[in-house]
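Summary of structural features
Read off the chains here:
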Amino acid sequence: MNINNLKILFTEEQLQERIKKLAEEMNKFYNGEEVYAVCVLKGAVMFATDLVKHLDMPLKMEFIRLSSYNGNTSTSGKVNAVDISLPDLNGKNVLIIEDIVDTGLTAKFLLDFMNCNFHTKSTKFCSLLDKKIARVTEVEPDYYGFEVDDKFLIGYGLDYDGYYRNLRYIGYAEKSALE
Ligand code: IMP
């Protein structure tokens, strides 16, 4: 895949502007209460670090690592917990931060995991992108930045075979460019 074939979907400015708006909504909702922000590695790392800079309550960041992709552009359909060690979240406000909800299997896995292991004060799911059209489960994010079409997206945390997470924008490549 050649980076010159990428078509820009969201510029750095569009991403940052939307992230600030999401943080404003969250600041209103949490109203100064403590939050545990759980970043789902690796994809959400850029989004999570930018989002939390605009959150103004006492906040702790946790990182968990899951995998569901087969290496390039297809999901395995099975979510694996690579590292999901978390502190005691009973009675806490938990904000799960994801890069994209696609089939929704990862989101469902995480929400089930939280429900089975903790009685949180609140559990909210936030995703920068929402590919509603690809959903095979019933989960919906409580917060999302942009709804997107069923294209393979790259950049700002989203990878193609491990590459391009460092791009400051999000783009997509036509299927032919990915083969
Ligand atoms: P889901 O379990 O199918 O909802 O997919 C969740 C994970 O798949 C995301 O956290 C991403 O890591 C990855 N993913 C889904 N769609 C894309 C994409 O368009 N580009 C890159 N990664 C994706």
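On to the packing of aromatic side chains, then. Evaluation of the coordinates by the stated rule reveals 4 aromatic pairs. Note on Phe152 and Tyr160: the rings are 6.4 Å apart at their centroids and 75 degrees apart in plane angle, and the pair reads as edge-to-face. Since its relative accessible area comes to 13%, Phe152 is described here as buried. Considering the side-chain rings of Tyr163 and Tyr164, the 6.3 Å spacing of their centres and the 55 degrees angle between planes classify their relative orientation as tilted. Residue Tyr163 is classed as exposed on the basis of its relative accessible area, which comes to 57%. The class for Tyr164 is buried, based on a relative accessible area of 18%. The ring centre of Tyr172 lies 4.8 Å from the NZ or CZ of Lys151, which sits over that ring.

Turning to its location among the elements, Phe109 is positioned in helix H3 (residues 105-117). Considering only alpha carbons, one finds Phe109 and Tyr164, 55 residues apart in sequence, at a separation of 26 Å. When sequence neighbours within four positions are dropped, the list of residues in contact with Phe109 reads Leu66, Val79, Ala81 and Ile84.

What follows is about helix H1 (residues 12-30). The end-to-end C-alpha distance of H1, which contains 19 residues, comes to 27 Å, matching closely the 27 Å that a straight helix rising 1.5 Å per residue would cover. Within H1, burial applies to Leu15, Ile19, Leu22, Ala23, Met26, Asn27 and Tyr30. For H1, the buried positions fall inside an angular range of 145 degrees around the axis, keeping them on one side. When the buried face of H1 is taken as reference, the exposed residues oriented beyond 90 degrees from it are Glu13, Glu17 and Lys28. Looking one or two residues past H1, Asn31 carries a phi angle of roughly 50 degrees, positive in sign.

Of all the 9 residues making up strand S5 (residues 93-101), 9 are buried; the element is thus mostly covered by neighbouring parts of the structure. Bridge analysis of strand S2 (residues 35-41) against S5 gives 5 bridges, and the strand direction is parallel. Considered in S5, the bridge of Cys39 is made with Ile97. Two strands pair when backbone bridges link them, and S5 and strand S6 (residues 122-130) are joined in this way by 8 bridges, in the parallel orientation. Following the sheet pairing, Asn93 is matched in S6 by Ser122.

If you check the shell around the ligand, you find 17 residues, and the closest are Asp99, Asp102, Thr103, Thr106 and Leu153. In the model, an oxygen atom of the ligand is placed 3.0 Å from a nitrogen or oxygen of the Glu98 side chain. One of the side-chain nitrogen or oxygen atoms of Thr106 is found 2.5 Å away from an oxygen atom of the ligand. At the level of secondary structure, the elements contributing two or more residues to the shell around the ligand comprise strand S3 (59-69), S5 and H3. Here the residues of the shell around the ligand are counted per class, giving 7 nonpolar, 4 polar and 6 charged.

Once that is clear, we can look at unusual backbone geometry. Geometrically, the link from Leu41 to Lys42 is a cis peptide bond, its omega value of 0 degrees lying close to zero. Turning to its location among the elements, Lys42 is positioned in the loop between S2 and helix H2 (45-52). Even without being glycine, Asn31 reaches a positive phi, approximately 50 degrees. Among the secondary structure elements, Asn31 is positioned in the loop between H1 and S2. Its relative accessible area of 65% is what places Asn31 among the exposed residues. For Tyr156, which is not glycine, the phi torsion reads 50 degrees and is therefore positive. Looking at where Tyr156 falls in the secondary structure, it is placed in the loop between strand S8 (153-154) and strand S9 (170-172).

Rules of the game
- Residues numbered from 1 in each chain as written.
- Predicted model: local features only at pLDDT ≥ 70, side-chain atom pairs only at ≥ 80, totals over all residues.
- Heavy atoms only, no water.
- Phe/Tyr/Trp six-rings, centres within 6.5 Å; stacked < 30°, edge-to-face > 60°.
- Buried < 20%, exposed > 50% of the residue type's maximum accessible area, 1.4 Å probe, protein only.
- Lys NZ or Arg CZ within 6 Å of the ring centre and 35° of its normal.
- Helix = DSSP H or I, 4+ residues; strand = E, 2+ residues; numbered from the N terminus.
- Contact = heavy atoms within 4.5 Å.
- Expected span 1.5 Å × (residues − 1).
- Arc of directions from axis to C-beta.
- Pairing = 2+ DSSP bridges.
- Near = heavy atom within 4 Å.
- Polar contact = N/O pair within 3.5 Å; in protein donor to acceptor, adjacent residues only side chain to side chain.
- Nonpolar A, V, L, I, M, F, W, Y, C, P; charged D, E, K, R; others polar.

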